[in-house]
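# Observations on the three-dimensional arrangement
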Amino acid sequence: MRLGSLIGTNSETAITGFAIDHRKVARGCVFGAFQGATVNGEDFIADAVANGAVAVVARPEARVEGAVHIAAEEPRRRFARLAAQFYGPFPQTTVAITGTNGKTSTAELTRQLWQLAGHPSASIGTLGVTTAQGQVSTGLTTPDIVTFLSNMAGLEREGVTHASFEASSHGLAQYRTEGLPVSAAAFTNLSRDHLDYHETMEAYFAAKLRLFTEVVDARGSVVVWADDARSADVAAAARARGLDVLSVGAAGETLRLLDREPTHLGQTLAVEAAGRTYTVKLPLIGAYQAANGLVAAGLVIATGADVAGTLANLARVVPVRGRLERVALSKAGAPIYVDYAHTSDAIAAACDALRPHTSGRLHIVFGAGGDRDRGKRVPMGQVAEEKADCLYLTDDNPRSEDPAAIRAEILKGAPNAQEIGDRRAAIAAAVAAAAAEDVVLIAGKGHEQGQIVADRVLPFDDVAVAREVAA
């Protein structure tokens, strides 16, 4: 591709790629120089040009010498749209999911439902890039725009026709989901998270709302979980753009949840659609997994699938890694579950999901991450104390913070918790204490394979540890 065809000039300079890290610039690259929270990419423009950048996307006032200056008031957005022209084509059908909780499960369940309907499919998000053939980690819920677009283009070259992706608030605020066509988008819910970055709930919600007001195609569709307090705002914003809105849930109109009955390893749903009632045997436990499944079904229906077939296929989905995943039985026979819950709402939802399956006591192992929103720590402790019977307070990913100080904050909300800083020891204590009629929930890290302590990532997998201590 020539630079001129990209930006509408006569330049015959060949473009070889895009980069947002000056160290990854090769000859012929377009460099994106963005201002970040701690690093200003404009400080590295000269280095990028020295490394071979032929064009730089930056603010009009940035100083660019030796390369074409592509000036933009919002350089992240301009860079994303230019990069999309270079990396495309992409899978013919793509959908995005945003919300505080449920993004990962909804994206992966959407992929599974498409795959069951015969479409080669993929999902991108917290679990990495997932296809029917396997999974590759990317390290972020929403990867950087170059990684995201190149991954999407690579999937298309491999024959993937349908792709779902998680649109995090950070990713939306930083234009990391731009450029490619988005056929439909979904909103799951909103609760407190990431206020270390967004500062206020309104700013947090505004970042997520961008998915519906700016990112999804002008002729696209929006699926909302109707039972969340902010869903009406999302639906109103979508309708203001002329988008089709599909609502699901107890208050939904497209897929109305009439009844939900827990079973031994799942639940039976009664769902009304277009005047007909369907019985859905969902092999996932918990109200929030029912919500994720129905939002995923809504996305699949919004992109052309039939209602009956999609709801029938919900009976064939498999659990998502680290999302209320039953991983082992203790020596006493207590089931052990691992879940990614790391907000007060998510902890409540996970405990509520497990309570109908608990005839004895519910044990929870949990903590909170460092260098993140401190305001959610006390509420997390309060909810854990309210919802569970036996609490084991431990370290999550303390990062640069003092782990004991994090635990002390949580203890203000959960004064009756047993404090065991070592995560392996906490898991072992919970598993050893659980009787046959009890259930153990290990919350916070889900699928993660490491624990971040200071500047190190130590190997740690809740699933593997649970199986080891239960053996």
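Procedures and definitions
- Residues numbered from 1 in each chain as written.
- Predicted model: local features only at pLDDT ≥ 70, side-chain atom pairs only at ≥ 80, totals over all residues.
- Heavy atoms only, no water.
- UniProt positions renumbered as here; feature names shortened; annotations may be inferred.
- Helix = DSSP H or I, 4+ residues; strand = E, 2+ residues; numbered from the N terminus.
- Buried < 20%, exposed > 50% of the residue type's maximum accessible area, 1.4 Å probe, protein only.
- Contact = heavy atoms within 4.5 Å.
- Pairing = 2+ DSSP bridges.
- Axes fitted to C-alpha atoms, helices over the stretch in contact; angles between N-to-C directions.
- Polar contact = N/O pair within 3.5 Å; in protein donor to acceptor, adjacent residues only side chain to side chain.
- Phe/Tyr/Trp six-rings, centres within 6.5 Å; stacked < 30°, edge-to-face > 60°.
- Lys NZ or Arg CZ within 6 Å of the ring centre and 35° of its normal.
- Domains from an automatic or database assignment.
- Buried area = accessible area lost by both parts, 1.4 Å probe.
- Salt bridge = Lys/Arg side-chain N within 4 Å of Asp/Glu carboxyl O.
- Nonpolar A, V, L, I, M, F, W, Y, C, P; charged D, E, K, R; others polar.

Within an unreviewed UniProt entry, the label attached to the protein reads UDP-N-acetylmuramoyl-L-alanyl-D-glutamate--2,6-diaminopimelate ligase, and the organism entered is Pacificimonas flava. Under Cofactor (unreviewed entry), UniProt gives the following word-for-word description of the protein: "Mg(2+)".

This part takes up the environment of Ala466. Within the element layout of this structure, Ala466 appears in helix 16 (residues 462–470). By relative accessible area, Ala466 is classed as buried at 0%. Sequence separation between Ala466 and Arg260 is 206 residues; the distance between their C-alpha atoms is 30 Å. Apart from residues no more than four positions distant in its own chain, Ala466 is found in contact with Val327, Ala328, Ile336, Ile427 and Ile442.

With that out of the way, let us pick up the UniProt feature "binding site: UDP-N-acetyl-alpha-D-muramoyl-L-alanyl-D-glutamate" (unreviewed entry) in the protein. Residues annotated in UniProt with the feature "binding site: UDP-N-acetyl-alpha-D-muramoyl-L-alanyl-D-glutamate" (unreviewed entry) correspond here to Thr141, Thr142, Ser168, Gln174 and Arg176. Take Gln174: it is sitting in the loop between helix 6 (169–173) and strand 10 (184–187). A relative accessible area of 18% places Gln174 in the buried class.

Attention shifts here to the sheet that holds strand 19 (residues 390–393). In space, the six strands of this open sheet follow the order 16-17-21-18-19-20, with mixed pairing throughout. On the outer flanks of this sheet lie strand 16 (325–329) and strand 20 (418–419), each paired with one strand and no other. Along the sheet face, helix 16 touches strand 16, strand 17 (335–339) and strand 21 (439–443) and points at about 20° away from the line of strand 16.

With that settled, consider the side chain of Ser191. Along the chain, the position of Ser191 falls in the loop between strand 10 and helix 7 (195–198). For Ser191, a relative accessible area of 8% corresponds to the buried category. Within polar-contact distance, the side chain of Ser191 engages the side chain of Asp345 at 3.4 Å. Ser191 has contacts with Thr100, Asn101, Met201, Tyr204, Thr343 and Asp345, leaving out every residue within four places of it along the chain.

This model, assessed by the stated rule, comprises seven aromatic pairs. Both rings, one in Phe18 and one in Tyr87, keep their centres 6.1 Å apart while their planes meet at 55°; by these two values the pair is tilted. Of this pair, Phe18 sits in strand 1 (residues 17–19) while Tyr87 sits in helix 3 (residues 75–87), placing them 69 residues apart in sequence. Overall, Tyr87 belongs to the buried group, its relative accessible area being 16%. Centre to centre, the rings of Phe148 and Phe165 are 4.9 Å apart; their planes meet at 65°, and the pair counts as edge-to-face. Placement of the pair is Phe148 in helix 5 (residues 145–157) and Phe165 in strand 9 (residues 162–166), with a sequence separation of 17 residues. For Phe165, a relative accessible area of 1% corresponds to the buried category. Site record: aromatic cluster; members linked through ring pairs are Phe18, Phe34, Phe79, Phe86 and Tyr87. Between the NZ or CZ atom of Arg230 and the centre of the ring of Phe205, over which it lies, the distance is 3.9 Å.

Under the domain assignment, the protein is made up of domain 1 (3–78), domain 2 (88–314) and domain 3 (325–470). Here the C-alpha centre of domain 2 lies 33 Å away from the C-alpha centre of domain 1. Taken residue by residue, the interface counts six residues in domain 1 and six residues in domain 2. Interface area for domain 1 against domain 2, summed over the two sides, is near 590 Å², with a carbon-plus-sulfur share of 64%. Among the residues domain 1 hides against domain 2, the three largest losses belong to Ile20, Arg76 and Arg77. Together they make up 75% of the total. The interface formed by domain 1 and domain 2 contains one salt bridge. The partner of Arg77 in a salt bridge is Glu214, with the nearest N and O atoms 2.3 Å apart. Taken together, the connections running from domain 1 to domain 2 amount to one residue pair in polar contact (both at pLDDT 80 or more). Residues belonging to the side of domain 1 that touches domain 2 are distributed by class as follows: three nonpolar, no polar and three charged.

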